[in-house]
Amino acid sequence: MRRLNLAKSTRSIYLSLACLSLALHLLLAFFCLSILQTACILPPSSSTQDTDPVQHGSHPSPLDAGRPRRKVRSSRPAGEDSFSGSEKKLTGGGRAAQEVKGRARLEALFRHPLYNLPRPPLQEDDWLLRVRTTSQEWSTSEEEGYDKMDWTNDVDTHPPWLRFHLGITRWELYDRRDPNLDQLTHYLATQRILNAVQKTGGTQLKLLMSFPNHGQALLKPMKQSRQAETDVNLFYFSDFERHNAEIAAFHLDRLLGFHRVPPVVGRLINVTTEIREITTDHKLMKTFFTSPAGNVCFYGQCEYYCSTEHPVCGRPHLLEVSLAAMLPDLTLAPRRSWRSPWKRSYSRTKLAQWEKVPAYCDTVKQTPPYNRGTRLVDLIDMAVLDFLMSNMDRHHYETFEKFGNDTFLVHLDHGRAFGRHSQDEPSILAPLQQCCRIRRSTLLRLRLLSLPDSRLSDMMRASLARDPLAAVAPILSEPHLSALDRRLATVLQVVRTCQHQHQDVIYDDLGKYEEDQNQQPDGKNK
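I will try to describe carefully the structure that is included in this document.

Here is what the cut-offs are and how they apply
Residues numbered from 1 in each chain as written. Predicted model: local features only at pLDDT ≥ 70, side-chain atom pairs only at ≥ 80, totals over all residues. Heavy atoms only, no water. Buried < 20%, exposed > 50% of the residue type's maximum accessible area, 1.4 Å probe, protein only. Helix = DSSP H or I, 4+ residues; strand = E, 2+ residues; numbered from the N terminus. Pairing = 2+ DSSP bridges. Axes fitted to C-alpha atoms, helices over the stretch in contact; angles between N-to-C directions. Contact = heavy atoms within 4.5 Å. Salt bridge = Lys/Arg side-chain N within 4 Å of Asp/Glu carboxyl O. Phe/Tyr/Trp six-rings, centres within 6.5 Å; stacked < 30°, edge-to-face > 60°. Lys NZ or Arg CZ within 6 Å of the ring centre and 35° of its normal. Parallel < 35°, antiparallel > 145°, perpendicular 65-115°, else oblique. Left-handed = near helix turned anticlockwise from the far one by under 90°. Nonpolar A, V, L, I, M, F, W, Y, C, P; charged D, E, K, R; others polar. Expected span 1.5 Å × (residues − 1).

The next thing to look at is the pairing of strand β2 (residues 207-210). By the alternation rule, side chains of β2 split into L207 and M209 and L208 and S210, which are all buried. In terms of strand pairing, β2 meets strand β3 (residues 216-221) through 4 bridges, oriented antiparallel. Bridge pairing links M209 to A217 in β3. Between β2 and β3, which pair antiparallel in sequence order, lie 5 residues; one of them, H214, sits at a positive phi of approximately 75 degrees.

Before going further, it helps to spend a moment on the sheet that holds strand β1 (residues 195-198). Ordered by their spatial adjacency, 5 strands build an open sheet running β1-β2-β3-β8-β4, and the pairing between neighbours is antiparallel. Each edge of the open sheet carries a strand with a single partner, namely β1 and β4 (264-270). In this sheet, adjacent strand axes meet at a mean angle of 35 degrees when their direction is disregarded. Most of the contacts of helix α5 (residues 180-190) go to β4, to which it runs at about 20 degrees, and overall it touches β3, β4 and β8 (318-325).

Overall, the coordinates contain 25 salt bridges when judged by the stated rule. Here E274 ties to R267 by a salt bridge, and the two come within 3.5 Å at their closest N and O atoms. Assessed through its relative accessible area of 18%, E274 is described here as buried. By relative accessible area, which is 6% here, R267 ends up buried. The network of salt bridges with common partners includes R105, R455, D458, R461 and E478.

Here the focus is the packing of aromatic side chains. Counted under the stated rule, the structure contains 12 aromatic pairs. Among the aromatic residues, those joined into a ring-pair cluster are F240, Y304 and Y305. The ring of W338 has R336 lying over it, and the distance from NZ or CZ to the ring centre is 3.7 Å. We note R375 situated over the ring of W338; from NZ or CZ to the ring centre the distance is 4.6 Å.

What follows deals with unusual backbone geometry. Here the amide bond leading from R315 into P316 is cis, since omega sits at -20 degrees, within 30 degrees of zero. Positionally, P316 belongs in the loop between β7 (312-313) and β8. In this structure, the amide linkage connecting P368 to the following residue, P369, adopts the cis form with an omega of 0 degrees. Mapping P369 onto the fold places it in the loop between α10 (360-365) and α11 (375-388).

Two quantities define a packed helix pair, namely the angle between the helix axes and the distance between the axes. One can describe the packing of helix α13 (residues 440-448) onto helix α15 (residues 478-501) by two numbers: an axis separation of 10 Å at closest approach and a directional angle of 135 degrees. Between α13 and α15, the angle falls in the class oblique. In this structure, α13 meets α15 at a crossing whose hand is left-handed. Of α15, the residues touching α13 (which contributes L443, L446 and R447) are L488, V491, L492, V495 and Q499. Tallied by class, residues from the contact of α13 with α15 come to 6 nonpolar, 1 polar and 1 charged.

With 24 residues, α15 should cover 34 Å at 1.5 Å per step; its first-to-last C-alpha distance of 36 Å lies within 8% of that length. Burial in α15 covers these residues: H480, L481, A483, L484, R487, L488, V491, L492, V494, V495 and C498. Buried residues belonging to α15 abut α6 (243-255), α11, α12 (430-435), β11 (438-439), α13 and α14 (456-464).

The next thing to look at is the packing of α14 against α15. Orientation of α14 relative to α15, taken along the N-to-C sense of each, is 140 degrees, at an axis distance of 8 Å. The angle between α14 and α15 falls in the class oblique. Judged by the sense of rotation from one axis to the other, the crossing of α14 with α15 is right-handed. Residues L456, S457, M460 and R461 of α14 pack against E478, L481, L484, D485 and L488 of α15. Of the residues assigned to the contact of α14 with α15, the class counts are 5 nonpolar, 1 polar and 3 charged.

Here you go:
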């Protein structure tokens, strides 16, 4: 009897537990279902768009065929783009539109008369190099890897670097309208690298790159990010050299209408296959190593920053560099190096003479070659260029000996430019402030670049966008571009101050041109 009662009570307990478990499972199911239904309710869109199911990744129902697609009302004004400015940048549409607009403005700038001023007819001695008129061919022993030189006196047979050399005149390194300029920069950015050796001289690492068509280029590697600013506690002569500064200097010089900086282009190279495996420089080869992060690095031999603590590293192999077209060999076209009258002391404690004597320019004006011709205003052009890009490292400049003192100044070595965007260095403008002299054509172009439709920062942005490295990242950050406009305003203010204090400020290099422009074809004045 007891066993029967125990069995009945056990069955009752099991039955109760089963019912309780079923109830809990049903409660849990209802709870989950309510959550899923809530999550599936989509919020209404705030922008005008088609409620087309195909656009949302699903297929339309047959019942929807023939029904008009319903528009969801937008809170934006009619005609306004549904994307915000930041969203445009994310999608790339806004950036593409800005680039197209920037290119159009840049082309319009270069069509302006100030960028198409006539030059005096070039005489035979105004060309730096000339090809002999007699029919001839270049011949050389075929070195391993180099192309055969089948050049003649026909310019079409010459590689871009040779056409660049043959295009140098008494007045400029290149003509902006010369189609060879684009060919030259393309060649620098794409030509196969045959050899890489360290270039002697200078304080920081530079490489000399050789190409199969017998051309060469000067390489400067990326040392720091574009966003990095020079430490305020660092002296100007101890600053890093920047590859993007060399690229930007070429574009800025061209926008100013000078054409005195050799063409420079950015490029991504493989430090393993395009330097380490092909170099014949054993000293350079010994400085290669693999970093703890697995990147291939090297440091070369130089005065500053050539050590394992300051290596140049790929990621893991690719490295950003600048490549500058080389000038003709000194045996063919000797150059003279001139010490700048406004050279800095390159000392931590001493000041240069021009920093201590306000009337320093009076002495310079009486000293050859600054006492005649255009040499002084040429130097002030260079000071304006340096101030705009904050280059304090201008100790020398060069000219081609063939042209004597009646020629332009070659602007070289701008690696320490664009170091700080948050701070300007007024002392760079000392030649302009102390001499109060400037070319009229330079001043008019500066004023043009201060106008809203041709603002310097916009023109630089558009010009730099054409460089191959712009596909990786902008050559100059936006703060650096904004600094250009701020510094340009400073230059114009210095000129206005000079005009209030002095009479003979403007060196008129447009007088003859304007006289010609004011003459009608029949000889009558307008």
